[in-house]
Amino acid sequence: MNKHFLDLDNFSLQELEEVLSTASSLKNKQKDNILEGKFLGLIFEKSSTRTRVSFEVAMTQLGGRASFLSVNDLQLGRGEPVEDTAKVLSSMVDGLVLRTMSHDTQLEFAEHSESPVINGLSDRSHPCQILADILTYQEEKGEIKGKKVAWCGDFNNVCFSYAQAAKIFDFELWVACPEKYMPREKNQFDNVIFTDSINEAVRDSDIVTTDVWVSMGDEEDENNRRLLFQDYQVNEALLDQATSEVIFLHCLPAIRGEEISSDLLNDPRSRVWAQAENRLHAQKGLLVNLLG
Ligand code: CP
Ligand code: NVA
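Novice: How should the site of ligand 1 be read in this particular structure?
Specialist: Surrounding ligand 1, one finds Ser48, Thr49, Arg50, Thr51, Arg99, His126, Gln129, Cys251, Leu252 and Arg279. In this structure, an oxygen atom belonging to ligand 1 sits 3.1 Å away from a side-chain N or O atom of Arg279. When isolated, ligand 1 has an accessible area of 250 Å², and the protein chains bury 95% of it. Class assignment for the residues of the shell around ligand 1 results in 2 nonpolar, 5 polar and 3 charged.

Below, the structure written as structure tokens:
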């Protein structure tokens, strides 16, 4: 297994399935000391509720410890180079989770880190989120292979990781997005179809998912985005166009009345709370496989 978890495509299908299967088997055990004595550092340049707490709780439940290291409290925030920080911290801790403005910071950190580096979100990708999403689907509906997944809205970091997952797990990803926000090189992704029609994307799909229109770091473009994405809201009537078995997912946090209708999180087709809880379980699977 690759030492670092920066993107899904650093791993084979078999390795990712192993992570998910470890996650499932640990899910019903409250305590297991597989990572006793291990220490995880969390370096976050951006806000987080789920990612931070799920990693902290995961380490505790696995018998280890985690410590949140705000960039402003580290010398990194005063200009100590990423390379030096990576060398020093990784000589002390067993793993590091990074949430960074730029994906390049993760690449540079990983290059100089002796310990595994886990991408806890960057401007490019959010691979941990997709592990939880796939676990949520598999638990309830079975294999995701061959299914149709509709992503509605911004082609952002979460969507990028979905696009990688589509190839690895062999499902079809339909991305409904205004042309302006689609990636330039659309054919770099296998199993991904881009359309500006949200109805076409959602029709007969097995999963419908979305995310905020303005990700952390995109605030300067906020007004344009609110205008161009207004036809890409996911609501109950839109979900009616999907299969009768569809589930709705959202990585959260969500903005009610923007990318989703006001009560969608409570729709019977929504699985967002199970999905959020699965961040904890999926990451336990990941930690055991990387640090164990
Ligand atoms: N979905 C997710 O990563 O949530 P947080 O930003 O709260 O960590
Ligand atoms: N795309 C969002 C995801 C937050 C979990 C962001 O980057 O802000």
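Novice: Is there a simple way to explain the site of ligand 2 in this structure?
Specialist: Near ligand 2 the following residues occur: Leu121, Asn156, Asn157, Asp211, Ser215, Met216 and Leu252. Asp211 places a side-chain nitrogen or oxygen 2.6 Å from a nitrogen atom of ligand 2. Between ligand 2 and Ser215, the relevant distance is 2.7 Å, taken from a nitrogen atom to a side-chain nitrogen or oxygen of the residue. A total of 270 Å² of accessible area belongs to ligand 2 in isolation, and the protein chains cover 94% of it. According to the grid-proximity analysis, the pocket containing ligand 2 is the largest pocket. Counted by class, the shell around ligand 2 contains 3 nonpolar, 3 polar and 1 charged residues.

Novice: Just checking my understanding: could you explain the environment of Asp267 for this structure?
Specialist: Following the sequence through the fold, Asp267 ends up in the loop between strand S9 (247-250) and helix H10 (272-291). Classification of Asp267 as buried rests on a relative accessible area of 11%. Residues Asp267 and Leu239, spaced 28 residues apart in sequence, show a C-alpha to C-alpha distance of 9.9 Å. Sequence-distant contacts of Asp267, that is, excluding residues within four places in its chain, are made with Glu236 and Leu239.

What counts, and where the lines are drawn
Residues numbered from 1 in each chain as written. Chains lettered and ligands numbered in written order. Predicted model: local features only at pLDDT ≥ 70, side-chain atom pairs only at ≥ 80, totals over all residues. Heavy atoms only, no water. Near = heavy atom within 4 Å. Polar contact = N/O pair within 3.5 Å; in protein donor to acceptor, adjacent residues only side chain to side chain. Areas by Shrake-Rupley, 256 points an atom, 1.4 Å probe, with all protein chains shown as cover. Nonpolar A, V, L, I, M, F, W, Y, C, P; charged D, E, K, R; others polar. 1 Å grid on protein atoms, 1.4 Å probe; cavity = no way out; pocket = protein on both sides within 12 Å on 5 of 7 lines; lining within 4 Å. Sits in = over half its atoms within 2 Å of the grid points. Helix = DSSP H or I, 4+ residues; strand = E, 2+ residues; numbered from the N terminus. Buried < 20%, exposed > 50% of the residue type's maximum accessible area, 1.4 Å probe, protein only. Contact = heavy atoms within 4.5 Å.

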